[in-house]
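Notes for the structure review
This is what each chain is made of:
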Amino acid sequence: MAVNNSKETVYKRIETLFSCSNGEQLFLSMVSMQLELSPELNQETAESFIIYGIIKEFDDRELDRLWFHHLTRTFNQKLVIAA
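1. Quick notes on the packing of aromatic side chains
This structure, assessed with the given rule, holds three aromatic pairs. Seen from their ring centres, Tyr-11 and Phe-27 are 5.9 Å apart, and the 50° between their planes marks the pair as tilted. On the criterion of sequence distance, the pair formed by Tyr-11 in helix α1 (residues 2–18) and Phe-27 in helix α2 (residues 23–37) is long-range, its members being 16 residues apart. A single burial state applies to Tyr-11 and to Phe-27, both of which are buried. Among the aromatic side chains, those forming a connected cluster through ring pairs are Tyr-11, Phe-27 and Trp-67.

2. A short note on α2
Given a rise of 1.5 Å per residue, 15 residues ought to cover 21 Å, and the 21 Å separating the end C-alpha atoms of α2 matches this to within 8%. Within α2, the full set of buried residues consists of Gly-23, Phe-27, Met-30, Val-31 and Gln-34. Buried positions in α2, seen along its axis, are confined to an arc of 100° and lie on one side of it. The exposed set on the far side of α2, more than 90 degrees from its buried face, consists of Gln-25 and Glu-36. The opening residue of α2, the one whose side-chain oxygen lies 3.3 Å from the backbone nitrogen of Glu-24, is Asn-22.

What counts, and where the lines are drawn
- Residues numbered from 1 in each chain as written.
- Predicted model: local features only at pLDDT ≥ 70, side-chain atom pairs only at ≥ 80, totals over all residues.
- Heavy atoms only, no water.
- Phe/Tyr/Trp six-rings, centres within 6.5 Å; stacked < 30°, edge-to-face > 60°.
- Helix = DSSP H or I, 4+ residues; strand = E, 2+ residues; numbered from the N terminus.
- Buried < 20%, exposed > 50% of the residue type's maximum accessible area, 1.4 Å probe, protein only.
- Expected span 1.5 Å × (residues − 1).
- Arc of directions from axis to C-beta.
- Polar contact = N/O pair within 3.5 Å; in protein donor to acceptor, adjacent residues only side chain to side chain.

Below you can see the structure in the form of structure tokens.
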């Protein structure tokens, strides 16, 4: 559940940066296009490519912080499940 909350904050930041009403939908459509262009990527890698592109385009440290937080929580959750 905490991982979903961290991703929701990422979507909200995308809404702010792009001045749109649905950051999740915009993000998922960008990830989908990335996967079409690079089908060898997995979902997580494609998501990170998109996020890092947005961070670079907007020079946005807040999104960088939020994405790092999301990745850390996801990694920690996988460790707990594996244990």
